[in-house]
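# Coordinate inspection notes
These are the residues of each chain, in order.
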Amino acid sequence: MMKKKSIPASKPFLILFLCQIISALDVPLDSKLLEELSQPPTITHQSPKDYIVDPRENIVIQCEAKGKPPPSFSWTRNGTHFDIDKDAQVTMKPNSGTLVINIMNGGKAEAYEGVYQCTARNERGAAISNNIVIRPSRSPLWTKEKLEPHQVREGDSLVLHCRPPVGLPPPIIFWMDNAFQRLPQSERVSQGLNGDLYFSNVQPEDTREDYICYARFNHTQTIQQKQPISVKVFSMDSLNDTIAANLSDTDIYGAKPVTERQPILLTPTGSTSTKVELRGNVLLLECIAAGLPTPVIRWIKEGGELPANRTFFENFKKTLKIIDVSEADSGNYKCIARNTLGSVHHVISVTVKAAPYWITAPRNLVLSPGEDGTLICRANGNPKPSISWLANGVPIAIAPEDPSRKVDGDTIIFSHVQERSSAVYQCNASNEYGYLLANAFVNVLAEPPRILTPANKLYQVIADSPALLDCAYFGSPKPEIEWFKGVKGSILRGNEYVFHDNGTLEIPVAQKDSTGTYTCVARNELGKIQNEVHLEIKDPTMIIKQPEYKVVQRYGQVSFECIIKHDSTLLPTVIWLKDNDELPDDERFLVGKDNLTIMNVTDKDDGTYTCIVNTTLDSVSASAVLTVVAAPPTPAIIYARPNPPFDLELTGQLERSIELSWIPGDENNSPITHFVIEYEDGLHEPGVWHYQTEVPGTQTTVQLKLSPYVNYSFRVVAVNKIGRSQPSEPSEQYLTKSANPDENPANVQGVGSEPDNLVITWESLKGFQSNGPGLQYKVSWRQKDVDDEWTSVIVANVSKYIVSGTPTFVPYEIKVQALNDLGYAPEPSEVIGHSGEDLPMVAPGNVQVHVVNSTLAKVHWDPVPLKTVRGHLQGYKVYYWKVQSLSRRSRRHVEKKILTFRGNKTFGMLPGLEPYSSYKLNVRVVNGKGEGPASPDKVFKTPEGVPSSPSYLKITNPTLDSLTLEWGSPTHPNGVLTSYILKFQPINNTHELGPLVEIRIPANESSLILKNLNYSTRYKFYFNAQTSVGSGSQITEEAVTIMDEAMASRQVDIATQGWFIGLMCAVALLILILLIVCFIRRNKGGKYPVKEKEDAHADPEIQPMKEDDGTFGEYSDAEDHKPLKKGSRTPSDRTVKKEDSDDSLVDYGEGVNGQFNEDGSFIGQYSGKKEKEPAEGNESSEAPSPVNAMNSFV
């Protein structure tokens, strides 16, 4: 009986003109046949539907088609006939429908905007193109606008708007500076999808005057530039007392110099938004947040997972990108912006719609007269597209009637067609998002059989290989094919032949007697034709003497043999390789007819050598290893790896064990230390060898343990001190019987991912562990401590099962049992898991606060009932914040602090509190899902503490016996001030201190006049404030009373003494003489030549830097001031600021100009205004090209 089947793709033979049957008939792609057959037009090439053209170049609208006879072309524009003969600017290419609109010689592209459609027509029908929308690209200029400089406080957010001109297609946006350098972007500063530049928080280094937005229009290769935007970032002012007070607060209580902020979303706004995307497009979702520290963005999909291989995060995770979206990607996507102070989220509801896409596009139909056929047009989309049919470009409802045609929705049914039924049909599938248009012709042909395979073609095949004899054919009606062997042979039938639908005859195993002439006969009702082909069977190529393993001494000679046997009619070529690469280009390698010789062997010649023999029909190869060893002492003993064992034999076959024996190979002067036994499983992993066991070198038999359902082969490797032998030849195969699984999956766990489910996971068994076909798992579960029956399901070879509809966080007993087609594994052990957690239900009660001291408090609470935790209890969180200071009623920014106490703890300490302040706190329980509700806010107050030092001490109006003291109250009173304490003592010329005087001053005073002091005496003052708790830190100052007039007059009398006047005159005369001598020597020697050169070529590096020289310096606040250096004199106004005291914040690295990391660590130096430094960069005088510079970034 004749068998028919398709040709496997793996057949390594060239098969010409295979005629795949698509419908009733298919015309083979034979050029001679195509020239003879009539065929309706087919559109082969056309311009895209949305065609944006360069307005500076000629417009080419493509329309190419084929057909027999060649088709003629016509066009419509905006639905009406487009007469190209009446427009001198429009021409049509010869033998083509392609239009060329001449724009470069006076035409305007805007005049030719519109919708174009091409029709290709011959006597058998008309095909039409898509509607081609022609639009010229546009790259408009930016509108003139006045841009105000942005002045922003450090730490605030900022958005620089780009608002590019509307172009066609839309431009590519990027930000650069005046030097055409790309502005660096980071998690803090980045560009949004709309082109705007977003700052989550600004820093002083963001100050610059050249933020420039560029728009690049790729179609016209033009770039438009927005006017530069100036940004000025203001930092804390060191002279502002209020801010200085806040800096002191930082030192004492841990606040930040720049106010930290919770995240807020800059884009999108609100809590929800919507997004519609089309199937197959790229979905881009964006969230950009402001906040300090810089927020981190995280994306999730509510009720599902983000697609694993199609999800990408861009722009520092601010943009979620999903490629090739489908309807399954619809849903709610949540972005979460979080920093150390909190979080904010936004939910984007995504709906994926779909333009029409093909399920089954109509395909050309070639029929014989009287045959039946169908055209099927099926498309899908969202919303569902509508299907309409046209015949030769005309709606089928008004097309000429054809009795053989019947339209049934998306199908046209043809019955008993005739040659006049030939036509081109168009299927249009459309919805609101687009359309699909497909042409498919019905070509009714009456043709006698033709054989397309060349006559007397010769096929040559190696013996015992498949032979494929072609008989490509065509005819209408479809011909019947028969094969004969010999001129007068009988028709071929039987299992030794395979007859393919395309006419090919396959001989699966060709033998020598298959040689001969074969005849293919094709016949239909219009005629008959035959063709002969010839088959020759060749002997296979063999290597009868293969290269062998060699061990050779260094500087010796070695030869590998490769003797072959081949068919006498085939010409073989022999190639030698070393380590699968060409032989080294070295005259030491000599390739002979059947050998390879290596002279003067070196260590680098060590490796694997392969002999490859190729003919036009087959290829064989063989390899051998060369080991190079050092020359041994005489007499020379060659040590080598052992030869492989041989004669492997299997005996004592049992279900779970077998005995393997072998004969060792030559040990080559190095005793065999041990044998390694390896096995191959031809059933599960053919071709992969695994380690089984090893035995001592004196043993040649071993009892091997076996697993069920494994097709074993064994091989043995001998090992000595030189190395491993080649593996032995594999033993015969031994298939063990299937059995129940011996073991169950390991690492069984049950953890809920949602409040109402239980996810059971386990480690799947490996291939060997299955013990038989049909591996499955029986998953069982029941609620613990409840008298329930086990619920079980049997699942395929997976590693997870989800139980839905469970109560929230209850314990479950779980077990997973393996089974296969033969039965179950032993009863598995049970494990305890829990269903999913939910947020805790109640807040801790009975919250009590015990204030330990002015900076420390202890909080107590009652634990919540475990049933209300609804999850694994992780601990409690205490939120606490300062409401206000009791000594100052002004409210400050509320900064909530959080302390976490692990486990079932019911108390905790709150450190770092501010004295004399009012606080609030609440407590929340935490489980694996999150935090529960907060307890009612508890208010507590801290007691008074000692005050900080007075903000300043100023000493003015010095007289002979009095000084005036003025001071400022402490920045942090930490309570109610009761008084000030002033201590002072005189200092003599040897810096010895006199008696100490103490004065107590009422708290409401801010100045004091000290009288009855000694004239011309230096005093040192110590000044501090007191509360009821005690004295605060002090500040010190020194001042001097003025001298009396008598003492002053005595001090200037020395200038009127005669001896003093004479001394001064002598000094002046000596200086005059020295000047005269220097002048004379200068006139004799003249100028130094080097000095003249130095004067003529002044070093530009040492010229003074001017403010307007165009160089760039470091940013410095105009109001910055340098601190007093230690040991400097008191200023003229006798003012001592807090910064100059012994405990000044400057000494702690927290001056006004200091910079801080987000964690509060100091990273800058207190400094005054710095000199500007020259800008670094390229010193080339050639101006950079803006287009080239920016193209390198985009």
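Thresholds applied
- Residue positions are given per chain, counted from 1 along the sequence in the order it is written.
- The predicted nature of this model means local features are confined to residues of pLDDT at least 70 and side-chain atom pairs, given and counted, to a pLDDT of 80 or more, with totals for whole chains, interfaces and linings taken over all residues.
- By convention in this description, side-chain values take in all heavy atoms of the structure and omit both hydrogens and water.
- Runs of H or I in DSSP of at least four residues are treated as helices and runs of E of at least two as strands, each being numbered from the N terminus.
- The buried label goes to any residue with under 20% of its type's maximum accessible area, the exposed label to any with over 50%, and the partly exposed label to all in between, with areas taken from a 1.4 Å probe on protein chains only.
- In what follows, residue pairs with any heavy atoms lying within 4.5 Å of each other are defined as contacts.
- Any two strands between which DSSP finds at least two bridges are classified as paired.
- Working definition of a nonpolar core: buried Ala, Val, Leu, Ile, Met, Phe, Trp, Tyr and Cys residues. They are joined through side-chain atoms within 4.5 Å.
- Only the contacting stretch of a helix is used when fitting its axis, a line to C-alpha atoms as for every element, and angles between N-to-C directions run 0 to 180 degrees.
- Take a side-chain nitrogen of Lys or Arg and a carboxyl oxygen of Asp or Glu: if they are within 4 Å of each other, that pair is a salt bridge.
- When the sulfur atoms of two cysteines come within 2.5 Å, that pair is taken as a disulfide.
- Polar contact is defined as a pair of N or O atoms within 3.5 Å, subject to the rule that within protein one atom must be able to donate a hydrogen and the other to accept it, and that residues adjacent in sequence are counted only when both atoms are side-chain atoms.
- As a per-residue measure, pLDDT reflects the predictor's confidence and takes values from 0 up to 100.

## Quick notes on the overall build of the chain
- Helix and strand content of the chain: seven helices and 86 strands.
- Taking all 1194 residues of the chain together, 41% fall into the buried category.
- Taking the intrachain contacts of the chain between residues at least 6 apart in sequence as the baseline, contacts between residues at least 24 apart amount to 66%.

## Focus on the pairing of strand β73 (residues 856-862)
- Burial along β73 is one-sided: the residues Ala-857, Val-859 and Trp-861 are buried and none of Leu-856, Lys-858, His-860 and Asp-862 is.
- Here strand β72 (residues 845-853) folds back onto β73, and the loop between the two strands holds two residues.
- Relative to strand β76 (residues 907-910), β73 runs antiparallel, the two being bridged by four bridges. Along β76, the bridge assignment pairs His-860 with Phe-907.

## Let's talk about the side chain of Asn-315
- Its location among the elements puts Asn-315 in the loop between β25 (311-314) and β26 (319-322).
- By relative accessible area, Asn-315 is classed as buried at 19%.
- Not counting chain neighbours up to four residues away, the residues in contact with Asn-315 comprise Gln-185, Ser-190, Gln-191 and Glu-286.

## Some remarks on the nonpolar core
- Judged by nonpolar contacts, the single largest core of 32 residues is most densely connected at Ile-59, Ile-61, Trp-75, Ile-101, Tyr-116 and Ile-134.
- Of all the elements in the fold, those that place two or more residues in this core are β2 (50-53), β3 (59-61), β4 (63-68), β5 (72-77), β8 (99-101), β9 (114-122) and β11 (132-136).
- Per element, the largest residue contribution to this core is three residues, and it comes from β9.
- In this structure, Cys-471, Cys-520, Val-533 and Ile-537 belong to the second largest nonpolar core, which totals 20 residues.

## Concerning the sheet that holds strand β16 (residues 197-199)
- With respect to topology, three strands assemble into an open sheet ordered β13-β16-β15, the strand pairing being antiparallel. Each edge of the sheet is formed by a strand with only one pairing partner; in this case those strands are β13 (158-160) and β15 (189-191). Neighbour to neighbour, the strand axes of the sheet diverge by 15° on average, direction disregarded.

## So, the environment of Pro-958
- Residue placement: Pro-958 occurs in the loop between β79 (950-956) and β80 (963-970).
- In this structure Pro-958 comes out as partly exposed when scored by relative accessible area, which is 38%.
- Separated by 84 residues in sequence, Pro-958 and Ile-1042 have C-alpha atoms that sit 6.5 Å apart.
- Beyond its immediate stretch of four places on either side in the chain, Pro-958 contacts Leu-963, Val-1040 and Ile-1042.

## Some details on the pattern of salt bridges
- Scanning all chains against the criterion turns up 36 salt bridges.
- Asp-210 is the salt-bridge partner of Arg-208, the closest N and O atoms lying 2.7 Å from each other.
- Close ionic contact of Glu-302 with Lys-334 constitutes a salt bridge, the shortest N to O distance being 3.8 Å. Residue Glu-302 is found in the loop between β24 (296-301) and β25, and its partner Lys-334 is found in strand β27 (residues 331-339); the two are separated by 32 residues along the sequence.
- When its relative accessible area of 34% is taken as the criterion, Glu-302 is described as partly exposed.
- Each of Arg-153, Asp-156 and Arg-261 takes part in one network of salt bridges that share partners.

## Remarks on the state of the cysteines
- All told, the structure shown has six disulfides when counted by the stated rule.
- The residue that forms a disulfide with Cys-162 is Cys-213, at a sulfur-sulfur distance of 1.9 Å. What sets the handedness of the Cys-162 and Cys-213 disulfide is the S-S torsion sign, and at about -70° it is left-handed. Placement of the pair is Cys-162 in the loop between β13 and β14 (172-176) and Cys-213 in strand β17 (residues 208-217), with a sequence separation of 51 residues.
- Here Cys-213 falls in the buried class, since its relative accessible area comes to 0%.
- Here Cys-377 pairs with Cys-427 through a disulfide, and the sulfurs are 1.7 Å apart. Judged by the torsion about the S-S bond (-60°), the Cys-377/Cys-427 disulfide is left-handed. On the criterion of sequence distance, the pair formed by Cys-377 in the loop between β30 (373-376) and β31 (378-382) and Cys-427 in strand β36 (residues 423-431) is long-range, its members being 50 residues apart.

## Here's the deal with the sheet that holds strand β51 (residues 573-578)
- Read from one edge of the open sheet, five strands run β48-β56-β55-β51-β52, paired in mixed fashion. Two strands bound the open sheet, and with one partner strand each, they are β48 (550-553) and β52 (581-582).
- In the sheet, β48 pairs with strand β56 (residues 619-629) via four bridges, with the strands oriented parallel. Opposite Lys-550, over in β56, you have Leu-626 as the bridge partner.

## Overview of the side chain of Ser-129
- Among the secondary structure elements, Ser-129 is positioned in the loop between β10 (125-128) and β11.
- Polar side-chain contacts of Ser-129 include one of 2.8 Å to the backbone nitrogen of Cys-118.
- What Ser-129 contacts, discounting residues up to four positions off in sequence, is Ile-43, Gln-46, Gln-117, Cys-118 and Leu-437.

## A few points about the confidence of the model for the chain
- Looking at the chain, the pLDDT average stands at 83 and 84% of residues meet or exceed 70.
- Across residues 1-23, confidence stays below pLDDT 50; counting only partners more than four residues off in sequence or on other chains, it has 49 contacts.
- Across residues 1086-1194, confidence stays below pLDDT 50; counting only partners more than four residues off in sequence or on other chains, it has 137 contacts.

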